[in-house]
Amino acid sequence: MPKIRSILSKLLFISVVCLLSACAQTDTTDLIAQLSDERSHIRRKAAYTLIDLGENSVKPIVQVIADAPDTVRYIGAQILGRIGSPSASDILLSLAHDPNPYVKNQALRAIGKIHRPELVDTLTHFSLHSKTAESRAAAIEGLSSLRDSSTSSTILALMSDPSPLVRKAALAAIGKQWTHLATQHVIHLVTDTDETVRYIAVQLCGVRGIKEAAQTLHTALNDPSIHIRTEATKSVKLLQDTTAIPHLITLIKRFDGPDSESALKTLRDLTGNEYIVQ
């Protein structure tokens, strides 16, 4: 009798496991179907649930994503990237050639998040040779997620890309995996034609302690953008650059806003004195 009970218990356990597995598969299928729902909150809730399910979501998504509508391919690529399963590499590589540019770019970002070192060459190729700036920028984001120092030379080269979108992505990427070889590139971009690129470059000068950027930051204190002037005052403070004091005083005399308020704080920190500028 004990032996029969043992066998029956095992059979019951197997049956329960199979039942739970079937239910999970059904639930996952329903969730994937909801990714194409017209209501954004339904799509969002389904996506987060699939991410929470982790590896259990990967195979069902991989099985259907190639022939799914654009919305499902796009969100599916996002989900696979968030889960970060190496088993999603083949489908993400396929989606990186998707005719829909939004799906393609999302797949390129996701490839970097699954941490397969052998995919560095793939992302490098896309970052250097994709015809659209959006795809080059997406590939840089993918490279940046890999946090692989061997990609630094590629990212540095792309800091001179004709597109400000790509230069911005390259700056953000080099900020995450800093190398002193980037110093002159960042200083050069403090005077870039694009405001967002200048802003990130100014910020990096302070955060990364680029003392060689002092003179260029003095110029940034007179930038046409109030946001860049404000950020420049913060970077000067981080560098403890007392040679910037006359430039900070000039800023306060010329402007009246968050930039001048930040300049006053920086002057206080650099000198220990309160400034009242006439």
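Sequence positions are assigned chain by chain, starting from 1 and proceeding in written order. Under the rules for a predicted model, residues below a pLDDT of 70 receive no local features and side-chain atom pairs below 80 are neither given nor counted, while totals for whole chains, interfaces and linings still include all residues. Side-chain numbers here rest on the full set of heavy atoms in the structure, without hydrogens or water.

J.: Is there a simple way to think about the overall build of the protein chain in this case?
T.: A count of helical and extended segments in the protein chain gives 16 helices and zero strands. Any two residues whose heavy atoms approach within 4.5 Å at even a single point are treated as in contact. In the protein chain, of all internal contacts separated by at least 6 residues, the share reaching a separation of at least 24 is 60%. Accessible surface, the protein chain: about 15000 Å² in total, of which carbon and sulfur atoms supply 55%. Helix numbering and strand numbering both begin at the N terminus, where a helix is a DSSP run of H or I of at least 4 residues and a strand a DSSP run of E of at least 2. Residue-level accessible areas treat just the shown protein chains as cover; the underlying method is Shrake-Rupley with a 1.4 Å probe.

J.: Help me out: how do you make sense of unusual backbone geometry in this one?
T.: Generally, phi is negative for residues other than glycine and the peptide bonds are trans, each holding for most cases. Non-glycine residue Arg-147 carries a positive phi angle of around 50°. Within the fold, Arg-147 resides in the loop between helix 8 (133–146) and helix 9 (152–158). The backbone of Gln-240 sits at a positive phi, close to 55°, despite the residue not being glycine. Assignment of secondary structure puts Gln-240 in the loop between helix 14 (226–239) and helix 15 (245–254).

J.: How should I be thinking about the packing of aromatic side chains in this particular structure?
T.: Ring pairs (aromatic) are described by centroid distance and by the angle formed between their planes. Between rings of Phe, Tyr and Trp, where Trp is taken as its six-membered ring, a pair exists when centres lie within 6.5 Å; planes separated by under 30 degrees are stacked, by over 60 edge-to-face, and by other angles tilted. Taken as a whole, this structure holds zero aromatic pairs when the rule is applied. Throughout this description, the term charge over a ring refers to an Arg CZ or Lys NZ atom that lies within 6 Å of the ring centre and within 35 degrees of the ring normal. One cation-aromatic arrangement involves Arg-229 over Phe-255; the distance from NZ or CZ to the ring centre is 3.6 Å.

J.: Just to check I follow, could you spell out the environment of Ala-170 for this structure?
T.: Along the chain, Ala-170 turns up in helix 10 (residues 164–176). Exposure is judged per residue with a 1.4 Å probe applied to protein chains only, and the accessible area is read against the type maximum: over 50% gives exposed, under 20% gives buried, and values in between give partly exposed. Judged by its relative accessible area of 0%, Ala-170 falls in the buried class. Between the C-alpha atoms of Ala-170 and Ser-152, which are 18 residues apart in sequence, the distance is 9.6 Å. Setting aside anything within four residues of it in sequence, one finds Ala-170 in contact with Ile-140, Ile-155, Leu-158 and Met-159.

J.: Can you help me understand the pattern of salt bridges in this one?
T.: Pairing between side chains of opposite charge can happen when the charged atoms of each approach one another. By definition here, a salt bridge exists when the distance from a side-chain nitrogen of Lys or Arg to a carboxyl oxygen of Asp or Glu is within 4 Å. Throughout the structure, instances matching the rule amount to 10 salt bridges. The shortest N-O distance in the salt bridge between Asp-161 and Arg-136 comes to 3.0 Å. Pair noted here: Asp-161 is in the loop between helix 9 and helix 10 and Arg-136 is in helix 8, with a separation of 25 residues, a long-range link. Here Asp-192 ties to Arg-167 by a salt bridge, and the two come within 2.9 Å at their closest N and O atoms. Note that Asp-192 is positioned in the loop between helix 11 (183–189) and helix 12 (195–207) and Arg-167 in helix 10, a separation of 25 residues in sequence. Linked through salt bridges whose partners overlap, the residues forming this network are Asp-70, Arg-73 and Asp-98.

J.: Got a minute to help me understand the confidence of the model for the protein chain in this structure?
T.: A low pLDDT score tells you not to read the predicted coordinates there in detail. Per-residue confidence from the predictor is reported as pLDDT, which spans 0 to 100. Taken over all residues, the pLDDT of the protein chain has a mean of 89, while the share at 70 or more is 89%. The low-confidence segment residues 7–24, where pLDDT is below 50, has zero contacts with residues more than four positions distant or belonging to other chains.

J.: Whenever I open this one, the side chain of Arg-229 confuses me. Can you help?
T.: Inspection of the secondary structure puts Arg-229 in helix 14. If we skip the residues at most four places from it in the chain, Arg-229 touches Ala-220, Leu-221, Asn-222, Asp-223, Pro-224, Leu-251, Phe-255 and Asp-259.

J.: Could you clarify how one ought to interpret the nonpolar core in this entry?
T.: Nonpolar side chains in soluble globular proteins generally cluster together in the buried interior. Nonpolar core, defined: a set of buried Ala, Val, Leu, Ile, Met, Phe, Trp, Tyr and Cys residues in which side-chain atoms within 4.5 Å join the residues together. Judged by nonpolar contacts, the single largest core of 43 residues is most densely connected at Met-159, Leu-171, Ile-174, Val-186 and Leu-248. With residues up to four places along the chain from it excluded, the contact list for Val-186 reads Met-159, Leu-171, Trp-178, Ala-201, Leu-204, Cys-205 and Ile-210. Core analysis: the next-biggest nonpolar cluster, separate from the first, contains 36 residues, Ala-77, Leu-80, Ala-88 and Ala-107 among them.

J.: I tried to follow the environment of Gly-209 on my own but got confused; where do I start?
T.: By the secondary structure assignment, Gly-209 is in the loop between helix 12 and helix 13 (214–220). You can call Gly-209 partly exposed: its relative accessible area is 39%. For Gly-209 and Leu-238, which are 29 residues apart along the polypeptide, the C-alpha to C-alpha distance reads 7.1 Å.

J.: So what exactly am I meant to see when it comes to helix 4 (residues 70–83) here?
T.: Residues spaced three or four apart along an α-helix face the same direction, because each turn holds 3.6 residues. The span you would expect from a helix comes to 1.5 Å times its residue count less one. The end-to-end C-alpha distance of helix 4 is 20 Å, a good match for the 20 Å that 14 residues give at a rise of 1.5 Å each. The set of residues buried in helix 4 consists of Val-72, Arg-73, Ile-75, Gly-76, Ala-77, Ile-79, Leu-80, Gly-81 and Ile-83. Remark: Gly-84 follows helix 4 within two positions and exhibits a positive phi of approximately 75°.

J.: How should the packing of helix 4 against helix 6 (residues 101–113) be read in this particular structure?
T.: For any two helices packed against each other, the geometry comes down to the angle between their axes and how far apart the axes lie. Look at helix 4 against helix 6: their axes get within 8 Å of each other, and the N-to-C directions meet at 10°. With respect to helix 6, the element helix 4 is oriented roughly parallel. In terms of crossing hand, the pair formed by helix 4 and helix 6 is left-handed. Contacts between helix 4 and helix 6 involve Asp-70, Arg-73, Tyr-74, Ala-77, Gln-78 and Gly-81 from the first element and Tyr-102, Val-103, Gln-106, Ala-107, Ala-110 and Lys-113 from the second. Note on definitions: angles span 0 to 180 degrees between N-to-C directions of axes, and those axes are lines fitted to C-alpha atoms, for helices only across the stretch in contact. Each angle is binned into one of four classes, with values under 35 degrees roughly parallel, values over 145 roughly antiparallel, values of 65 to 115 roughly perpendicular, and all other values oblique. When the near helix sits turned anticlockwise from the far one by under a right angle, the crossing is termed left-handed; a clockwise turn instead gives a right-handed crossing.

J.: Looking at this structure, I do not really get the side chain of Thr-179. What am I missing?
T.: Mapped onto the fold, Thr-179 is located in the loop between helix 10 and helix 11. With residues up to four places along the chain from it excluded, the contact list for Thr-179 reads Ser-152 and Ile-174.

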